[in-house]
Amino acid sequence: MSADRAPASLAAGTSTPPTQVFDVALLDLDGVVYVGPAAVSGVPEVLGEARRDGMRLAYVTNNAARTPQQVAAHLTELGVPAEPGEIITSSQAAATVVAERMGPGARVLAVGGPGVAAALTAAGLTVVEQAEDEPVAVVQGYGPGVDWAQLAEAVVAVRGGARHVATNADATIPSPRGVLPGNGALVGVVSAVTGQQPLVTGKPDPAMHAECVRRTGAQRPLVVGDRLDTDIEGASRAGATSLLVFSGVTEPAGLLAAGPRHRPDLLARDAGGLLTAHPAVNAVNGGWRCGRWVATADGEDRLTLALAAEDGTVGAPVDDLYGLRALAVAHWARTGEEARPAAVSAADDDAARALADWGLGGR
Ligand SMILES: [Mg+2]
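Here's a quick rundown of the structure.

The rules behind these values
- Residues numbered from 1 in each chain as written.
- Predicted model: local features only at pLDDT ≥ 70, side-chain atom pairs only at ≥ 80, totals over all residues.
- Heavy atoms only, no water.
- Helix = DSSP H or I, 4+ residues; strand = E, 2+ residues; numbered from the N terminus.
- Rg over C-alpha atoms; globule rule 2.2 N^0.38 Å.
- Buried < 20%, exposed > 50% of the residue type's maximum accessible area, 1.4 Å probe, protein only.
- Donors = N, O, S within 2.8 Å, 3.2 Å for Na, K, Ca; no water.
- 1 Å grid on protein atoms, 1.4 Å probe; cavity = no way out; pocket = protein on both sides within 12 Å on 5 of 7 lines; lining within 4 Å.
- Points joined across faces, edges and corners; volume = space filled by probe spheres on them.
- Contact = heavy atoms within 4.5 Å.
- Pairing = 2+ DSSP bridges.
- Patch = residues over 30% accessible without salt bridge, like charges linked within 9 Å, V, L, I, M, F, W, Y side chains within 5 Å.
- Areas by Shrake-Rupley, 256 points an atom, 1.4 Å probe, with all protein chains shown as cover.
- Salt bridge = Lys/Arg side-chain N within 4 Å of Asp/Glu carboxyl O.
- Lys, Arg positive; Asp, Glu negative; His and termini not counted.
- Charge placed at Lys NZ, Arg CZ, Asp CG, Glu CD.
- Phe/Tyr/Trp six-rings, centres within 6.5 Å; stacked < 30°, edge-to-face > 60°.
- Lys NZ or Arg CZ within 6 Å of the ring centre and 35° of its normal.
- Axes fitted to C-alpha atoms, helices over the stretch in contact; angles between N-to-C directions.
- Nonpolar A, V, L, I, M, F, W, Y, C, P; charged D, E, K, R; others polar.
- Domains from an automatic or database assignment.

So, the overall build of the chain
For the chain, the count of helices and strands is 12 helices and 20 strands. For 363 residues, the compact-globule formula gives about 21 Å, and the C-alpha radius of gyration of the chain, at 22 Å, lands near that figure. Counting only C-alpha atoms and orienting by the principal axes, one finds that the chain spans roughly 75 × 45 × 40 Å. Residue burial in the chain is summarised as follows: out of 363 residues, 52% are buried.

This is the structure in structure tokens:
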């Protein structure tokens, strides 16, 4: 790792694998390490190799329900050996914020799964269960057992002057049956009744990234995530480099349509992108070229992707996202601060196949 290296960007790429450029990978869990009950194929091996290359790993989650011990045990079971100290939850970020603001030993009402109360206790705060115990803060995180009585307790405490702190504001959580109410939805119940806006500490709030840096001592962290509005925005707001992986919720069309805060610095199919160099995207006659792919903006709102006839400048592709990188750089160069969907067409059959593969229309 060298300190004088320019930060990675989608246009600049990295001349060596990220494991050699960044000291710590801050890995999101759902959509990066696992999807539902199973590990993302190949990722346990990738993370083992990243570790052998000298990169430290930490696992960062907005899901406040589970304790770090539970998360570490789950990861180990999936073939990703992890210690509780390597898990960073939004409950812990909330506990740090409350301890800093309210002082050690402050009384806090916990609403959510066991991870919430455990984090508060670990931060030296006193967990209480009733508004009558005069908590100075209410920390609310996700928990499948949260019920009306707990929400009512939170409302009474906040109306009595306690600061409302939410571990995250995600309105939904994914499930095999489609989306279900996330913490943000239940936080909304409390704030709708109290009229008080909560302080949110999970991704994308910089408090979460600060917690990660504090805990890992990272000098040059790389945020690895699958969501633009939490992982990538969180990195962007904290000034950290980000790697977007397509093993989770984001599709190429959503990536192209992203505004500045949601634009990642690096792209990969999955966390395997930690182990490979990332190609640069260079300006060529009126377009942008990555490997053999050239993206050109033609007219007001259309991009064209073409495969160049020959190429003597690059070796074998490290992945199949060269053309997508060229499209993203071309589109973002044009849209600037605006978040705008891209209309993309193919100049040849190879480009048409690539666009179909990414769900981006065609000729
Ligand atoms: Mg995720």
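Re the coordination of the magnesium ion
The magnesium ion binds to the protein through D28 (OD), D30 (O) and D226 (OD); the donor distances cover 2.0 to 2.2 Å. Going along the chain, you hit the donors of the magnesium ion in the pattern D-x1-D-x195-D. In this pair, D30 sits in the loop between β1 (24-28) and β2 (34-35) while D226 sits in the loop between β13 (221-225) and α9 (228-238), placing the two residues 196 residues apart along the sequence. Exposure remark for D226: the relative accessible area of 3% places this residue in the buried category.

Section: empty space enclosed by the protein
In this structure the tally under the stated criterion is 1 cavity of 30 Å³ or more. For the largest cavity, the calculated volume is near 110 Å³. Lining of the largest cavity is provided by 16 residues; of these, V60, K203, H209, V223 and D231 occupy positions nearest its centre. Listing elements by their share of the lining of the largest cavity, those giving two or more residues are β1, α8 (206-216), β13 and α9.

Remarks on α9
Every buried residue of α9 is listed here: L228, T230, D231, I232, E233, G234 and A235. Looking at the packing, one finds that the buried side of α9 touches β1, β13, β14 (241-245) and α10 (252-256). Downstream of α9 by one or two residues, G239 has phi in the positive range, about 75°.

Considering the pairing of strand β8 (residues 137-140)
In β8, alternate side chains face the same way, and those of A137 and V139 on one face and V138 and Q140 on the other are all buried. Where strand β6 (residues 107-111) meets β8, 4 bridges bridge the pair, whose relative direction is parallel. Bridging across to β8, A110 finds its partner in V139. Relative to strand β9 (residues 163-166), β8 runs parallel, the two sharing 4 bridges. Paired with V139 across the bridge in β9 is V165.

Quick look at a negative patch on the surface
Residues E129, E132, D133 and E134 make up a contiguous surface patch of negative charge. Within the element layout of this structure, E132 appears in the loop between β7 (126-128) and β8.

A look at the packing of aromatic side chains
Note on aromatic pairs: each is described by the distance of the centres and the angle between the planes. Going through the model one piece at a time under the given rule, you end up with 0 aromatic pairs. The ring of Y322 is capped by R325, whose NZ or CZ atom sits 5.8 Å from the centre of that ring.

Some points on the sheet that holds β7
An order of β7-β6-β8-β9-β12 is seen for the 5 strands of this open sheet, with the pairing classed as parallel. The outermost strands of the open sheet, each flanked by one partner alone, are β7 and β12 (199-200). Packing of helix α7 (residues 183-194) onto the sheet brings it into contact with β8 and β9, and relative to β9 it is tilted by some 165°.

Details of the layout of surface pockets
When its volume is computed, the largest pocket comes out at roughly 1,100 Å³. Taken together, 40 residues make up the lining of the largest pocket; nearest its centre are D30, N63, T172, I173 and P174. Elements that contribute at least two residues to the lining of the largest pocket include exactly β2, β10 (172-173) and α9. Examining the composition of the lining of the largest pocket, we find that 3 residues originate from one element, α9, more than from any other. Residues that form the lining of the largest pocket fall into these classes: 17 nonpolar, 14 polar and 9 charged. Domain assignment of the residues forming the lining of the largest pocket places at least three in each of domain 1 (17-62 + 204-275) and domain 2 (90-200).

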